[in-house]
2 protein chains.
Amino acid sequence: MYYIGIDLGGTNIAVGLVDENGKILHSDSVPTLKERHWSEIVKDMADLSLKVLAESGHTLDEIKAVGIGCPGSIDKKNGVVVYSNNIVMDHVPMAEEIRKYIDLPVFLENDANAAALGEYAIYGEGVESYVFMTLGTGVGGGIILNGKVWSGFNGAGAEIGHQSLVFGGKPCTCGRRGCLEAYASVTALIAQTTEAIEQNPDSLMAQYAKEKGKVNGRTSFECAKMGDPVAIAVRDRYIEYVAEGICSIVNVLQPEILAIGGGISREGDTLLNPIKEYFATNDYNKHMKKTDIRIARLFGDAGIVGAAKAAEAGLEG
Amino acid sequence: MYYIGIDLGGTNIAVGLVDENGKILHSDSVPTLKERHWSEIVKDMADLSLKVLAESGHTLDEIKAVGIGCPGSIDKKNGVVVYSNNIVMDHVPMAEEIRKYIDLPVFLENDANAAALGEYAIYGEGVESYVFMTLGTGVGGGIILNGKVWSGFNGAGAEIGHQSLVFGGKPCTCGRRGCLEAYASVTALIAQTTEAIEQNPDSLMAQYAKEKGKVNGRTSFECAKMGDPVAIAVRDRYIEYVAEGICSIVNVLQPEILAIGGGISREGDTLLNPIKEYFATNDYNKHMKKTDIRIARLFGDAGIVGAAKAAEAGLEG
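Residues numbered from 1 in each chain as written. Chains lettered and ligands numbered in written order. Predicted model: local features only at pLDDT ≥ 70, side-chain atom pairs only at ≥ 80, totals over all residues. Heavy atoms only, no water.

(A) Representation of the overall build of chain A in the model. Each helix and strand counted, chain A has 10 helices and 13 strands in total. The C-alpha radius of gyration computed for chain A amounts to 20 Å, which stays within 12% of the reference 20 Å derived for 317 residues, consistent with globular compactness. Projected onto its principal axes, the C-alpha coordinates of chain A cover approximately 60 × 50 × 35 Å. Taking the intrachain contacts of chain A between residues at least 6 apart in sequence as the baseline, contacts between residues at least 24 apart amount to 60%. (Helix = DSSP H or I, 4+ residues; strand = E, 2+ residues; numbered from the N terminus. Rg over C-alpha atoms; globule rule 2.2 N^0.38 Å. Contact = heavy atoms within 4.5 Å.)

(B) A look at the sheet that holds strand β5 (residues 73–75) of chain B. Residue and element names in this part refer to chain B. In spatial order, the strands read β5-β6-β7; together these three strands make up an open sheet with antiparallel pairing. Each edge of the open sheet is held by one strand with a lone partner, namely β5 and β7 (89–92). Here the average twist between neighbouring strands, direction ignored, is 20 degrees. Strand direction decides the pairing type here: strand β6 (residues 80–84) and β7, joined by three bridges, are antiparallel. When the sheet's bridge partners are listed, V81 is paired in β7 with V92. (Pairing = 2+ DSSP bridges. Axes fitted to C-alpha atoms, helices over the stretch in contact; angles between N-to-C directions.)

(C) Spatial organisation of the pairing of strand β13 (residues 292–295) of chain A. The pairing of strand β12 (residues 257–261) of chain A with β13(A) spans four bridges and is classified as parallel. Opposite L258(A), over in β13(A), you have I293(A) as the bridge partner.

(D) Seen up close, the nonpolar core. Counting residues in each nonpolar core, the largest one holds 108 residues, and the members touching the most others are I246(A), I260(A), I246(B) and I260(B). In this structure I260(A) touches M133(A), L135(A), I246(A), S265(A), L271(A), L272(A), I275(A), I293(A), R294(A), I295(A) and A296(A), once residues within four positions along its chain are discounted. (Core = buried A, V, L, I, M, F, W, Y, C linked by side-chain atoms within 4.5 Å. Buried < 20%, exposed > 50% of the residue type's maximum accessible area, 1.4 Å probe, protein only.)

(E) Quick look at the interface of chain B and chain A. Between chain B and chain A, the contact holds 49 residues from the first and 49 residues from the second. Carbon and sulfur atoms supply 64% of the area buried between chain B and chain A, which totals about 4400 Å² over both sides. Between chain B and chain A we count two salt bridges in total. The partner of R176(B) in a salt bridge is E244(A), and the shortest N-O contact between them spans 3.2 Å. Across the contact surface, chain B and chain A share 26 residue pairs in polar contact (both at pLDDT 80 or more). Taken together, the elements giving at least two residues each to the side of chain B that touches chain A come down to β5, β6, β10 (139–145) and α8 (229–253) of chain B. With nine residues, the top contributor of residues to the side of chain B that touches chain A is α8(B). Classifying every residue of the side of chain B that touches chain A by side-chain character gives 21 nonpolar, 17 polar and 11 charged. (Buried area = accessible area lost by both parts, 1.4 Å probe. Salt bridge = Lys/Arg side-chain N within 4 Å of Asp/Glu carboxyl O. Polar contact = N/O pair within 3.5 Å; in protein donor to acceptor, adjacent residues only side chain to side chain. Nonpolar A, V, L, I, M, F, W, Y, C, P; charged D, E, K, R; others polar.)

(F) Broad picture of the environment of H26(B). All names here are of chain B. Here H26 is to be found in strand β3 (residues 24–31). Considering only alpha carbons, one finds H26 and V15, 11 residues apart in sequence, at a separation of 8.5 Å. Not counting the four nearest positions on each side in its chain, H26 is found in contact with V15, G16, L17, V52, E55 and S56. Separated by 2.6 Å, the side chains of H26 and E55 make a polar contact.

(G) Quick look at a nonpolar patch on the surface. On the surface, L50(A), L60(A) and Y101(A) cluster together into a nonpolar patch covering about 210 Å² of accessible area. Mapped onto the elements, L50(A) comes out in helix α1 (residues 38–56). (Patch = residues over 30% accessible without salt bridge, like charges linked within 9 Å, V, L, I, M, F, W, Y side chains within 5 Å. Areas by Shrake-Rupley, 256 points an atom, 1.4 Å probe, with all protein chains shown as cover.)

(H) Molecular detail of the packing of aromatic side chains. Applying the stated criterion to the full structure yields six aromatic pairs over all chains. Joined through ring pairs, the aromatic side chains of F167(A), Y183(B) and Y241(B) make up one cluster. In this structure, R266(A) is placed above the aromatic ring of F299(A), and the distance from its NZ or CZ to the ring centre is 4.0 Å. Positioned over the ring face of F279(A) is K290(A), at 5.1 Å from the centre of the ring. (Phe/Tyr/Trp six-rings, centres within 6.5 Å; stacked < 30°, edge-to-face > 60°. Lys NZ or Arg CZ within 6 Å of the ring centre and 35° of its normal.)

(I) Layout of the pattern of salt bridges. Residue and element names in this part refer to chain A. Inspection of every chain in the model, using the stated rule, returns 34 salt bridges over all chains. Here E109 and K76 are joined by a salt bridge, their closest N and O atoms 2.8 Å apart. With E109 in strand β8 (residues 106–110) and K76 in the loop between β5 (73–75) and β6 (80–84), the pair connects residues that are 33 residues apart, well separated along the chain. By relative accessible area, which is 4% here, E109 ends up buried. For K76, a relative accessible area of 37% corresponds to the partly exposed category.

(J) Looking closely at the packing of helix α8 (residues 229–253) of chain A against helix α9 (residues 269–282) of chain A. Residue and element names in this part refer to chain A. Where α8 meets α9, the closest approach of the two axes is 9 Å, and the angle between their N-to-C directions is 50 degrees. Our classification of the angle between α8 and α9 gives oblique. Judged by the sense of rotation from one axis to the other, the crossing of α8 with α9 is right-handed. Along the contact surface, α8 presents R235, I239, E240, V242, A243, E244, I246, C247 and V250, while α9 presents T270, L271, P274, I275, Y278, F279 and N282. (Parallel < 35°, antiparallel > 145°, perpendicular 65-115°, else oblique. Left-handed = near helix turned anticlockwise from the far one by under 90°.)

In short, the description is geometric, and any link to function would need to be established separately.
Pasting the structure below:
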């Protein structure tokens, strides 16, 4: 038996046919065109699901359930998107709507939680506690406790990017100041890189950015590898922000594994090793076994696999 | 049937006979004299337990189990205090040691987690998720998820005082800089008050402290009530630190209830109302039901009741 996993993003709708081991057998995507009315988006989600299924050579009676990873605040029990501001949705009965096209059980999960569930299912080694932290446009995450997603009594938790890092610091997208996200997201790293370039117009990094015609999340990492002290300072300070955030999360939750995902995680050991070093000294826990901090491995597939795993978890209740 | 609850503190050993509803029937305490060898302390814990039992008119065969709330890192499974620096203990087999005197099941829990369990058992209204935050010498806490203590895979979690608040800020007792504890503990409040007095020697608060001959955690709250602007500034800034910490915890965990305990919680609504106001604006969650933030109510009894509840939880496995 199989699951259909739908990853609803601001840019693309991605759908995959996923087996019980979390392996994607076939997948496809279409643009979300998020300015449309949600009912059109949901129709495309259903259409693409049926297309992926047909192309895979399988049939609906082989599918146990449909899972959807979706941005925003989710009422999992009723399959309703209570609120999302990325793709504008306000009390959208998404599960019910999908079932108009596909007569199967449908389960919703917040997209970050779903990605955590996907990564955990494939690479979590069956541990009881697991935190997935994504460094992307924002800093998001998912928390797995006792093998299940923990997102609070109201489903709004696991917002690990919205812990304080700098009291009264930079404005955050959430309206507060000084959140981890305002310092450790790729958006923040780009701002930090741009600022360093402006302040050091003669640096190698300034020259590099000029040649490339843009600054992105990799700029400081690449120029640091070339030995530019300005880039090294930006990169190292950014990594320290991330490491501080990890210490805060671990001091509260002490998960057995904490996996770092998102675009910047492709930097691998350049990112991971200094974080581990920082953590070894700064973690509150000095006497018990320590959290295993690592780089996540599913990358772009985490959303589809996680949506399928959310469907599986939904059936299990 | 009853439980014996032992609250092992740096100053006193407190023991109570606790019924199945968490009511303390009889209790007593002796000084810990923490400089002694741990075996002498443990003997006093056992002796006091038997004394409390005898004085209560009950007998050992009416006792289901003994629970101990103990500072430090606890190996609950084996009943071992792995490490404590308050009362110096290093791999102390406390449960086994107590059983030399009292032939009953013995269960250990970290003292902050035990206090959380006690407060939750009596005033938690049976919610599934509950956070107890104590503002005292340090900032401690306990996390209850799905009705059970969550302290990480290693028992070292729930250190909610050791989240970042001010990146690179004041040194914390844990060795890191800028932890919530370094700003929101009563120790920190006393330092903030003392600093304000030094900077404003002509203030009402400076005069008040001089008359009293000392500064404590209540000084700024009391002088603020008298209208002193210097005291008001200290108090309000302190409350903002606490409120920021609460936002960070709630954004990650979204517990149904968060209760504030510790000495400063006796300030009641003066502390609670501005926190609630701050939280209403700054909580990430704007669309789902919100965490109920309140003042804890067990005060000094939370340790004994919680130790008894830890014994109950231990028997349930």
